[in-house]
Amino acid sequence: MFFFREFRTGVYRYNPCKRAAILLIAALSGFTAVAESAGQELRKEPLVIAPIVEGIHLCDEAASNKSITSLADAYALCRKSKLDGASAVNRLLNTLEPGGPKGAVQVGYTATLQLLALYQKTPRGWEIDPTRVDDFLSILRKVQRPVVVYLAADHFDSLGPISEELSKDSQNMLQLRDGKPLELNYFGYQIKPYTLSTNPAIPVNHYRFQALGYVAEKIKALPKSVQDRVVAYTLAGELHQMFPDFENGMGAYQGIQVTDYSPSSITDFRKWLAAKYKSVDSLNATMGSTYAKFEEVPAPSKDIRKEKLGSFGEHYDAFADGTLPIAGWLWDPLQKIQQLELHVDSEYVGPIAYGFNRLDVYRAEASITTPSTGFRYDLDFTRIKPGRHIAQVIAKSQGTPYQVAEVEFVVVARDQAAPPSAKPKKIASLKAAATLSGVRSWLDQPRPLQDVYYNPLAREWNLFREFQVFQFLKYFREQALKAGLPASKLFSHQIVPNVNSSWNPQLFAVGKTLEGNAPWNHGLNMYGGATDSAWLRDFMAQRGIRGYGVPEFNPQQWKREGVHLAAMQSHLKAGARFISPYYFSVVPARFKGPEQGVNRMELRPDNTADGSDRFYRAIIEFAAQ
């Protein structure tokens, strides 16, 4: 679950408001019509609004007992008394959709089960506590609403007592290049970056997949009427590679560190290269290297600017794979601009995609009324000659070019020879886009005179890291199928980093899991502008992603009326199977911790933060149709 990011303001300013008015208007508009048509064809079943509900195991008896002052004690009383929170959940859902689920839009709920949290320590070792599973299944039986079952086993599955023991064994964890696992928190919530290896002998995998099989068997033993209420199983949670400062570092580009440099991962990388290139001579011919055998090939990890390299193949940074992001934000409330273009050394390169999520800009600037203000172009510099170059972001308004931003960068040869000092040629005498009424903008990436070094092995390393994420999710799905869960209901639970133009997708390495030919049904988490994004709709159309779900969903907006309802309507038209608003709570205020970033999104009629009250009302209105 993610929201916000960094924000900068400055001389350059720019626009968004009209999603299809900037980039490839006809293409995006055409897609919208196709997507809506496809959605109507797919709409054989109702769209389920399945909010994530905090406190589904909290019984009324403990919630109303004022002598109980901690949530842990309240849960303990409920378990001891064999009581659950089904009554509270039913009351909540009946408030959102009185009279039960009916119509084209139906209210259900998302029930989260953390697989590692099921374990308890016994004299025989770690064993699944059957009462915890029974408590969960009791909710499914008693709440007669559609349900999305979230089988969590990612870094957020960290609250059970077994997680502390697992995190002490390095083979269970993703590792940085120094061999150390990351120690991370997410707004006060401790997270554990577990390995993405599929090796069943690794302890954390043994426990994850044992719990998955156990839970699946219990679900299959439920009455058919209960099983039929399950509209989806979302698998594992947000699976991706990790990085330091996870809480704030999604947009890091300088001095980045990534995972996984564990010994087994590096060995697997070399095997992956051997399978791809067949011979080390073929690898060397492509890389420009002189390795004698695959066992000598390093996993790139060193910054050539700061460290001595054993070979150029060791170089790694945010640009080493040959791409340089040209990215920022643009605000154009009067829709003066029809096109954004990238020019390098005065030559046209291509149109710049626009309308990405920039919730940070939306938060920081009161006058900006949509988070869909981001623009980005990932420039392939692998064929650009060494030397100084200049990138210009140019806006077209009524056929006239205006400059949004310009920035110089330097391509450096692998031998670090001094690049030519010739000043790059640019398109001169352009008026600033800021002279257009209402237009404001800012360029975030790259920094001025950013030096870049292309290491083809770094590109392979990033592709391999994506392969690791894909393979783990694929294996998790295979284990779910093996345990008897139906393929038609198995969804991923993935983040789409690219929809946030200020983020660094390399840190996550999830691109392969978002391909249209993936074996699972796609579950894509959406926050901010991503909840109603022309860019994201186009992204899904290009990949043939249909019949998808949204395991986490929150527009986080409060400046314009109708935003939340419009976002949900767009997914109804596009054929989404379910949307899981994040989040509702049936936990009394006295049990809740201090106000944090996540609490802003609790959906209540009295919570104005992040537009949570508006989203609450929109769900009721949407469910009534």
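Our subject is the structure that appears above.
Just so we're clear, the structure is a prediction, and the values are computed from it rather than from any experiment. Position numbers for residues count from 1 along each chain, tracking the sequence in the order it is written. At least 70 in pLDDT is required for a residue's local features to be given in this predicted model, at least 80 for side-chain atom pairs to be given and counted, and no such filter applies to totals for whole chains, interfaces and linings, which use all residues. The basis for every side-chain value is the complete set of non-hydrogen atoms in the structure, without hydrogens or water.

### Here's the deal with the pairing of strand 5 (residues 119-122)
Put simply, side chains in a regular strand alternate between the two faces of the sheet.
Part 1 of the reasoning: Pairing geometry for strand 5 and strand 6 (residues 125-128), over four bridges, is antiparallel. Within strand 6, the residue paired with Y119 across the bridge is I128. Here, a strand pair is defined by DSSP locating no fewer than two bridges between the strands. Note on conventions: DSSP H or I runs of at least 4 residues are helices, E runs of at least 2 residues are strands, and numbering of each starts at the N terminus.

### Side note on the packing of aromatic side chains
Part 1 of the reasoning: Classification of ring pairs rests on two measures: the distance between centres of Phe, Tyr or Trp rings, Trp counted by its six-membered ring, which must be within 6.5 Å, and the angle between planes, read as stacked under 30 degrees, edge-to-face over 60 and tilted in between. Across all of its chains, the model carries 29 aromatic pairs by this definition.
Part 2 of the reasoning: Ring geometry for Y119 versus Y207: centroids 5.1 Å apart, planes at 75 degrees, classification edge-to-face. With Y119 in strand 5 and Y207 in helix 7 (residues 203-220), the pair connects residues that are 88 residues apart, well separated along the chain. A single burial state applies to Y119 and to Y207, both of which are buried.
Part 3 of the reasoning: Measuring from ring centre to ring centre gives 6.4 Å for W272 and F467, while their planes differ by 40 degrees; the resulting arrangement is tilted. With W272 in helix 9 (residues 263-277) and F467 in helix 12 (residues 456-482), this pair connects stretches of sequence that are 195 residues apart.
Part 4 of the reasoning: Note on classification: 1.4 Å probe, protein chains only; a residue is buried when its accessible area is under 20% of the maximum for its type, exposed when over 50%, partly exposed between these limits. You can call W272 buried: its relative accessible area is 17%.
Part 5 of the reasoning: Put simply, the rings of F156, Y186, Y189, F243, F246, W503 and F508 touch in pairs and so form one group of aromatic residues.
Part 6 of the reasoning: Between the NZ or CZ atom of K512 and the centre of the ring of F470, over which it lies, the distance is 4.8 Å.
Part 7 of the reasoning: Against the face of F539 rests R543, its NZ or CZ located 3.6 Å from the ring centre. Lysine NZ or arginine CZ positioned within 6 Å of the ring centre and within 35 degrees of the ring normal marks a charge as sitting over the ring.

### Digging into the pattern of salt bridges
Part 1 of the reasoning: The rule for a salt bridge is simple: a side-chain nitrogen of Lys or Arg has to be within 4 Å of a carboxyl oxygen of Asp or Glu. This structure, assessed with the given rule, holds 32 salt bridges.
Part 2 of the reasoning: With a shortest N-O distance of 3.3 Å, K396 and E341 are connected by a salt bridge. Taken as a pair, K396 in strand 16 (residues 387-397) and E341 in strand 12 (residues 339-344) lie far apart in primary sequence, 55 residues in all.
Part 3 of the reasoning: Residue E515 is joined to K512 by a salt bridge in which the shortest nitrogen-to-oxygen separation is 3.8 Å.
Part 4 of the reasoning: Look at E515 and you get partly exposed, because its relative accessible area is 29%.
Part 5 of the reasoning: The partly exposed category is assigned to K512, whose relative accessible area is 25%.
Part 6 of the reasoning: Where salt bridges share partners, they join D303, R305, D317 and D451 into one cluster.

### Section: the state of the cysteines
Part 1 of the reasoning: For the purposes of this analysis, a disulfide is any pair of cysteine sulfur atoms at a distance within 2.5 Å. For the structure on display, the rule yields one disulfide.
Part 2 of the reasoning: The disulfide partner of C59 is C78, and the gap between their sulfur atoms is 2.1 Å. Of note, the bridge from C59 to C78 carries an S-S torsion of about -90 degrees and is left-handed in sense. Taken as a pair, C59 in the loop between strand 2 (53-54) and helix 2 (60-63) and C78 in helix 3 (residues 71-80) lie far apart in primary sequence, 19 residues in all. Residue C59 shares its accessibility class with C78, and that shared class is buried.

### Structural notes on the sheet that holds strand 7 (residues 147-152)
Part 1 of the reasoning: Overall, parallel pairing links the four strands, which are arranged 4-7-10-21 in an open sheet. Each of the sheet's edge strands pairs with one partner strand only, and the pair in question is strand 4 (109-114) and strand 21 (490-491).
Part 2 of the reasoning: Where strand 4 meets strand 7, six bridges bridge the pair, whose relative direction is parallel. Bridge pairing links L113 to L151 in strand 7.
Part 3 of the reasoning: Any two residues whose heavy atoms approach within 4.5 Å at even a single point are treated as in contact. Axis lines are fitted through C-alpha atoms, for helices just across the contact stretch, and the angle between N-to-C directions can take any value from 0 to 180 degrees. Taken strand by strand, helix 5 (residues 130-142) contacts strand 4 and strand 7, and its axis lies near 170 degrees from that of strand 4.
Part 4 of the reasoning: Packed on one face of the sheet, helix 12 meets strand 7, strand 10 (230-236) and strand 21 and runs near 135 degrees to strand 10.

### Describing the sheet that holds strand 11 (residues 323-331)
Part 1 of the reasoning: Ordered in space as 14-15-11-19, the four strands form an open sheet in which the pairing is antiparallel. Strands with a single pairing partner mark the edges of an open sheet, and in this sheet they are strand 14 (353-356) and strand 19 (440-445). Going across the sheet, the axis of each strand differs from the next one's by a mean of 25 degrees, ignoring polarity.
Part 2 of the reasoning: One ladder, built from seven bridges, connects strand 11 with strand 15 (residues 374-380); its direction is antiparallel. Looking across to strand 15, one finds that T323 is bridged to D380.

### Digging into helix 14 (residues 534-543)
Part 1 of the reasoning: A large share of helix 14 lies buried, amounting to seven of its ten residues.
Part 2 of the reasoning: By the N-cap criterion, in which a side-chain oxygen at the helix start approaches the backbone nitrogen of a residue two or three places on, helix 14 is capped by S533, the distance to W535 being 3.3 Å. Here a polar contact is taken to be a pair of N or O atoms separated by no more than 3.5 Å, where protein atoms must pair a possible hydrogen donor with a possible acceptor and residues adjacent in sequence count only if both atoms sit in side chains.

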